[in-house]
Amino acid sequence: MRKLLSGICALGVVAMTGSASAETFKIGLIASYTGAFATWGTQFQNAIEAFQSIHGKSVKGPKGEIIDVQLVYRDAGSAGPDKAKQLAEELVLREKVSMLGGFELSPHAMSVADISKQAKVPIVVMNAATASITRGSPYYVRTSLTIPQWGQAIGKWAAENGIKKVYTITSDYAPGHDAEAYFHKSFKAAGGEIVGADRTALRETNFAVYMEKALQAKPDAVYMFQPGGSPSISFVKAFSERGLKQAGIKLLGNGEFAELYLPHFSDDVIGTISVNHYTETNTRPENKIMRDQLIKQFGEKGVTDIASVGAWDAMALIYIALREHGASADGLKYIDAMKGKTLASPRGPIMIDPEERDIIQNIYIRRIEKVGGKLQNVDIATIPMVKDPWKIDNPVKR
Amino acid sequence: MLSFALTVLLDGISYGMVLFIISVGLTVTMGLMRVINLAHGSFAMIGGYVAGYLTQHGVDFFLALLLATVAAGLLGALCEVTVIRPLYRKGELAQVLLTIGIVFVVTALITEIFGAFPYRVEFPVYLTQPLDIGFRTYPAYRLFLILVGGIIALILWLLIEGSLYGAKLRAAVDNPRMARAVGMNVSLLFTATFIVGTALAGLGGAIGAGILSLEPSYALKYVVLFLVVVIVGGEGSFKGSFVAAMALGIIDTTGKYFVAAAAPYLLYAAVFALLLWRPQGILPPKSLA
């Protein structure tokens, strides 16, 4: 009897070690699937699923163990930061996730700083673009962008490319303020003149008045920063309706002109110049792999955007960290593994700043043209490996 | 300076016209039927999406406007008979809850069918260009809005002030119990008026898409504006809603011109001031005056 019992115990031990060799690593993804920011959740998730289709749903750890990478998706509902924070708590405590990701909005990303420190859980920010976020906790890593990276790049480019006077019309929220500040700063530093600056309500769609003011100020270009979707579409419509385009005034923008949004614009948008860290139609092999996979899996809903590339690169970094440290390392170990890593991202070369854990990447200036009957962004300039200018202006006090 | 003032005025009036066309139906619903219909914006949104779908598929713009108006009116009829009618005299809470529920249902349906992105109405090319109006060039689209809004206001004015239907409507707004007592079929009048109101909202949603852009959150996003027009004008007052829509359009536009930073608050400050001055609205119907 005793023999039999010990035999069963031995079997049990074998069974346990057997299951231990396939460990699970859970990542909680917080993003909006409903409400005004509903596209973000789906875009993140589609890219993650496409990434796992190509690179597998498991990673081999340092000791050769198989680590299953599982994602737990939660809808932040385009609501306030409280909701994102509550979801993060639930994911850490109940779902026992070892890492958090997603976050299309800066307030959402900022709301989980304390949780990350208490639970030692790394947070991979896949979009939220307020420069200061990564300073909030040593557990943040960002794979998207900072708004000053955009604003500074296009301001400098404009001044160096024959644009002397600019009227800026930006949305009255934190990213709009950052874009305005860094555009003004770099444009003026390169010899340009700001002839007027307006801030518009966050969800404004009636731009007639601002266009009239800009028209009267006779600038060479109008610089805009508006949320993607209806505000920016209305903006371009008003720009052309009011005759600014006909008057030869150029339009400079940011992420409003992502490929995802382009079909919703009329042909008035042709000629618009915008700044971005990801040109969807770039011909790098890494980009082709990502785009083909997304189209294969999701059909016409597989159009890539900055959310896709942010999520894709986040997964690539997470897989690297897991290969180095396995499924149950300390949170900071994963962060250290990501620091200083360079990747051939679908957007081009990127690096995680070893000091700031923020992204260093190429910034592209593009012009909208009609290519094969479709509106498309065409790269006209590349500014290589840009570090977040805000962090250069605001060094860490030691 | 004169041309500048005229430009601001035109910008304000064209915006006001959109608000008027969409809100005039709501003012009757709230004034006549005493139903707080928060779903009113949904009909404008549906009209806009119908016109958008048709124009994107090659249907003539004006035919699309007509069909959008009819579609919104038909859905309005369906909605009045099935949902709104049981709500009369049910109290405001029930009305608010049910109609806001309709907003959510419509928003979800639109997202499901058309996606979460903004939706485009294809205007004829000549409406997307600036037009030379003598002292300057001005967007043809905005002139079109003023023209259509003006025609609708004129027709409604003739209808309400000059026809038997109008006389009945005014009587029912001023004193619904008396109207019933003298043998008027108030239910039929309600349904007919609700249909006209929602049809106009549909038209407004379609032609106003260049200013109030179409997206699934439309119904919720703009309903505050429509309610403001109704309340400031005086519930049930057709003339009041016209005056209020113009006033708000012009105040909003002028505000953005001169104090852009305060513009989002200025509109509400103006509403606050107007309501302090006339709590029942600018031109309330007789029963409330």
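1. Focus on the overall build of chain A
Here is step 1 of the chain: The helix and strand inventory of chain A stands at 13 helices and 15 strands.
Here is step 2 of the chain: Computed over C-alpha atoms, the radius of gyration of chain A comes to 23 Å, within 12% of the 21 Å expected from 2.2 N^0.38 for 398 residues, which places it in the range of a compact globule.
Here is step 3 of the chain: Oriented by its inertia axes, the alpha-carbon framework of chain A measures out at about 95 × 50 × 35 Å.
Here is step 4 of the chain: Buried positions account for 54% of the 398 residues belonging to chain A.

2. A word on the overall build of chain B
Here is step 1 of the chain: Along its length, chain B carries 12 helices and 2 strands.
Here is step 2 of the chain: Its C-alpha atoms put chain B at 55 × 45 × 35 Å along the principal axes.
Here is step 3 of the chain: Counting across all 289 residues of chain B, residues that qualify as buried make up 51%.
Here is step 4 of the chain: Taking the contacts inside chain B whose residues are at least 6 apart along the sequence as the reference set, 77% of them involve residues at least 24 apart.

3. Remarks on the interface of chain B and chain A
Here is step 1 of the chain: Contacts between the two partners involve 26 residues from chain B and, on the opposite side, 25 residues from chain A.
Here is step 2 of the chain: Listing elements by their share of the side of chain B that touches chain A, those giving two or more residues are helix H1 (2-32), strand E2 (137-139), helix H11 (238-258) and helix H12 (263-277) of chain B.
Here is step 3 of the chain: Residue classes in the side of chain B that touches chain A are distributed as 14 nonpolar, 7 polar and 5 charged.

4. Looking at the sheet that holds strand E4 (residues 99-102) of chain A
Residues and elements named next belong to chain A.
Here is step 1 of the chain: One open sheet accounts for 6 strands, arranged E2-E3-E1-E4-E5-E6; its pairing is mixed. Of all strands in the sheet, those bounded by a partner on one side alone are strand E2 (58-60) and strand E6 (140-142). Averaged over all pairs of adjacent strands, the angle between strand axes in this sheet comes to 25°, irrespective of strand direction.
Here is step 2 of the chain: Looking at chain direction, E2 and strand E3 (residues 66-75) are connected through 3 bridges and run antiparallel.

5. Considerations on the environment of A:His55
Here is step 1 of the chain: The residue A:His55 is located in helix H2 (residues 38-55) in this model.
Here is step 2 of the chain: Measuring from C-alpha to C-alpha, the distance between A:His55 and A:Glu355 comes to 29 Å, with 300 residues separating the pair along the chain.

6. A few points about H2(A)
Here is step 1 of the chain: Taking 1.5 Å per residue as the helical rise, H2(A) with its 18 residues ought to reach 26 Å, and the 27 Å between its terminal C-alpha atoms agrees with that figure.
Here is step 2 of the chain: Looking at H2(A), one finds that the buried residues are A:Ala38, A:Thr39, A:Trp40, A:Gly41, A:Gln43, A:Phe44, A:Asn46, A:Ala47, A:Ile48, A:Ala50 and A:Phe51.

7. Concerning the nonpolar core
One recurring pattern in soluble globular proteins is that nonpolar side chains are buried together.
Here is step 1 of the chain: By size, the foremost hydrophobic cluster in this structure holds 119 residues, and its most contacted members are A:Val222 and A:Ile318.
Here is step 2 of the chain: Ranked by residue count, the leading element in this core is helix H11 (residues 306-325) of chain A, at 13 residues.
Here is step 3 of the chain: In this view, A:Val222 contacts A:Tyr167, A:Ile169, A:Ala214, A:Phe239, A:Leu244, A:Ile249, A:Leu251 and A:Leu252; residues no more than four positions away in its chain are not counted.
Here is step 4 of the chain: Counting residues in hydrophobic clusters, the runner-up holds 87 residues, among them B:Leu38, B:Ile46, B:Val50 and B:Phe242.

8. Observations concerning the pairing of strand E10 (residues 250-253) of chain A
All names here are of chain A.
Here is step 1 of the chain: Across the two faces of E10 the burial is the same, with Lys250 and Leu252 and Leu251 and Gly253 all buried.
Here is step 2 of the chain: Both strand E9 (residues 221-225) and E10 contribute to a ladder of 3 bridges, which runs parallel. Residue pairing for E10: Val222 is matched across the bridge by Leu251.
Here is step 3 of the chain: Taken together, E9, helix H9 (residues 230-241) and E10 form a β-α-β motif whose crossover is right-handed.
Here is step 4 of the chain: Taken together, the 2 bridges between E10 and strand E11 (residues 273-276) define a ladder with parallel strand orientation. Looking across to E11, one finds that Gly253 is bridged to Ser274.

9. Thoughts on the confidence of the model for chain B
Note that predicted coordinates carrying low pLDDT should not be read in detail.
Residues and elements named next belong to chain B.
Here is step 1 of the chain: When pLDDT is averaged along chain B, the result is 89, and 99% of the positions lie at 70 or above.
Here is step 2 of the chain: Within chain B, helix H2 (residues 40-56) carries the highest mean pLDDT (96), whereas helix H6 (residues 164-174) carries the lowest (85).
Here is step 3 of the chain: Reported confidences for the modelled complex are a pTM of 0.84 and an ipTM of 0.80.

10. Here's the deal with the environment of A:Val166
Here is step 1 of the chain: Inspection of the secondary structure puts A:Val166 in strand E7 (residues 165-171).
Here is step 2 of the chain: Beyond its immediate sequence surroundings of up to four residues, A:Val166 is in contact with A:Ala158, A:Phe187, A:Gly192, A:Ile194, A:Val195, A:Pro219, A:Asp220, A:Ala221 and A:Tyr223.

11. Focus: unusual backbone geometry
All names here are of chain A.
Here is step 1 of the chain: For Phe103, which is not glycine, the phi dihedral falls at a positive 70°.
Here is step 2 of the chain: By the C-beta count within 10 Å, which is 32 here, Phe103 ends up buried.
Here is step 3 of the chain: In this structure, Met385 is a non-glycine residue whose phi angle is positive, near 40°.
Here is step 4 of the chain: Summarising the element assignment, Met385 is placed in strand E15 (residues 374-386).

12. A word on the packing of H1(B) against helix H8 (residues 186-207) of chain B
All names here are of chain B.
Here is step 1 of the chain: The interhelical angle for the contact between H1 and H8, taken along N-to-C directions, is 160°, at an axis separation of 7 Å. The angle between H1 and H8 falls in the class roughly antiparallel. Judged by the sense of rotation from one axis to the other, the crossing of H1 with H8 is left-handed. Where H1 abuts H8, its residues Val18, Ile21, Ile22, Val24, Gly25, Leu26, Val28, Thr29 and Leu32 lie against Phe190, Thr193, Phe194, Val196, Gly197, Thr198, Leu200, Ala201, Leu203, Gly204 and Gly205.

13. Brief notes about the pairing of E3(A)
Here is step 1 of the chain: Across 10 bridges, strand E1 (residues 22-31) of chain A lies against E3(A) in parallel orientation. Considered in E3(A), the bridge of A:Gly28 is made with A:Val72.

14. Things to note about the packing of H2(B) against helix H4 (residues 92-114) of chain B
All names here are of chain B.
Here is step 1 of the chain: At a minimum axis distance of 10 Å, the contact between H2 and H4 shows a crossing angle of 15°. Classified by the angle their axes make, H2 and H4 are roughly parallel. Like other packed secondary-structure pairs, H2 and H4 cross with a definite hand, here left-handed. Across from Ser42, Met45, Ile46 and Tyr49 in H2, the residues of H4 making contact are Ile102, Val103, Val106, Ile110 and Phe114.
Here is step 2 of the chain: Each residue belonging to the contact of H2 with H4 can be placed in one class, and the counts come to 8 nonpolar, 1 polar and no charged.

15. Considerations on the environment of A:Lys165
Residues and elements named next belong to chain A.
Here is step 1 of the chain: Structurally, Lys165 is set in strand E7.
Here is step 2 of the chain: As for Lys165 and His108, which are separated by 57 residues in sequence, their C-alpha atoms are 36 Å apart.
Here is step 3 of the chain: Contact partners of Lys165, with chain neighbours within four places excluded, come to Glu193, Val195, Pro219 and Asp220.

16. Regarding the confidence of the model for chain A
Here is step 1 of the chain: Of all residues in chain A, 94% have pLDDT values of 70 or greater, and the mean over the chain is 91.
Here is step 2 of the chain: Contacts from residues 12-20 of chain A, a stretch scored under 50 in pLDDT, to residues over four places away or in other chains number 0 contacts.

How each quantity is defined
- Residues numbered from 1 in each chain as written.
- Chains lettered and ligands numbered in written order.
- Predicted model: local features only at pLDDT ≥ 70, side-chain atom pairs only at ≥ 80, totals over all residues.
- Helix = DSSP H or I, 4+ residues; strand = E, 2+ residues; numbered from the N terminus.
- Rg over C-alpha atoms; globule rule 2.2 N^0.38 Å.
- Buried ≥ 20, exposed ≤ 12 C-beta atoms within 10 Å, placed from the backbone.
- Contact = placed C-beta atoms within 7 Å.
- Nonpolar A, V, L, I, M, F, W, Y, C, P; charged D, E, K, R; others polar.
- Pairing = 2+ DSSP bridges.
- Axes fitted to C-alpha atoms, helices over the stretch in contact; angles between N-to-C directions.
- Expected span 1.5 Å × (residues − 1).
- Core = buried A, V, L, I, M, F, W, Y, C linked by C-beta atoms within 7 Å.
- Right-handed = clockwise from strand over helix to strand, strands pointing away.
- pLDDT = per-residue confidence, 0-100.
- Parallel < 35°, antiparallel > 145°, perpendicular 65-115°, else oblique.
- Left-handed = near helix turned anticlockwise from the far one by under 90°.

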